[in-house]
Amino acid sequence: LISEYSDAFTPYANCSLLIYSLRDHSYKRLDLPTSYDYVGANFSPSGEQIVFVRQPPSKKGDHADIKNSYANGEVVIMNRDGSGYCVLPIPRNRILFPILSPSGEKLAYLVASSDKPRSRGMHIAFFEIWEFDFKSGEHQLFAGPINFYHAAVISYLSESEIIAGAIFPEHTGTVERPDYLN
């Protein structure tokens, strides 16, 4: 089980990764470079690797600084014991919730693709699902563009199917938007 914490009110300050042991009810803080914040961690299906996003920490804590930190996220993969720390060759972006495919050959992740106009809902960006292929080294849209209003989590159902906890795409036209999205 991976957990995150922050010693500040904002979730973008001093975020670390911890492994919680159900056996002895203890936390093990992963020894990671202190020059970054770490968010959105997940174990691989085998439990042997961890994928997560690292971001430069917010220095000032104001909206523009936090947004800049968020925009420079990178995906990292490492072994459960902390060895093999590797930043993947995925362009820096507003990356969330990386997850490995069942075979471990691919990695899916959410990207806050573009800012929404202020009058277009409570969330600051539209979201897309991207996928990185470890064999080819390529990253591309999994499907789309879709422009989810909000996305919170993704998971592989199989090597070619991903389920997303997301609010409907922007251009569906058939779903009435709830008031809080307007």
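Please refer to the structure placed before this passage.
Heads up: these notes are all about the structure in this document.

Criteria and cut-off values
- Each chain has its residues counted from 1, following the order in which its sequence is written.
- Where totals are concerned, whole chains, interfaces and linings use all residues; where local detail is concerned, this predicted model gives features only for residues with pLDDT of at least 70, and gives and counts side-chain atom pairs only at 80 or more.
- Only hydrogens and water are set aside when side-chain values are computed; all heavy atoms of the structure are taken into account.
- To qualify as a helix, a DSSP run of H or I must reach at least 4 residues; to qualify as a strand, a run of E must reach at least 2; elements of each kind are numbered from the N terminus.
- Burial status follows relative accessibility: with a 1.4 Å probe on protein chains alone, a residue under 20% of its type maximum counts as buried, one over 50% as exposed, and anything between as partly exposed.
- Between two residues, a contact is recorded if the distance between any of their heavy atoms is within 4.5 Å.
- The Shrake-Rupley method, run with a 1.4 Å probe, gives the accessible areas here. Residue values count only the displayed protein chains as cover.

**Some thoughts on the overall build of the protein chain**
- Secondary structure assignment for the protein chain yields one helix and 13 strands.
- If you list the helices and strands of the protein chain from N to C, you get β-β-β-β-β-α-β-β-β-β-β-β-β-β.
- Scored against the burial criterion, the 182 residues of the protein chain give a buried share of 39%.
- Across the protein chain, every contact between residues at least 6 apart in sequence was considered, and the portion connecting residues at least 24 apart equals 38%.
- Summed over its atoms, the accessible surface of the protein chain is roughly 10,100 Å², and 53% of this surface lies on carbon and sulfur atoms.

**Structural notes on the environment of I66**
- Of note, I66 is situated in helix α1 (residues 63-70).
- As a C-alpha pair, I66 and P56 span 10 residues in sequence and 9.4 Å in three-dimensional space.

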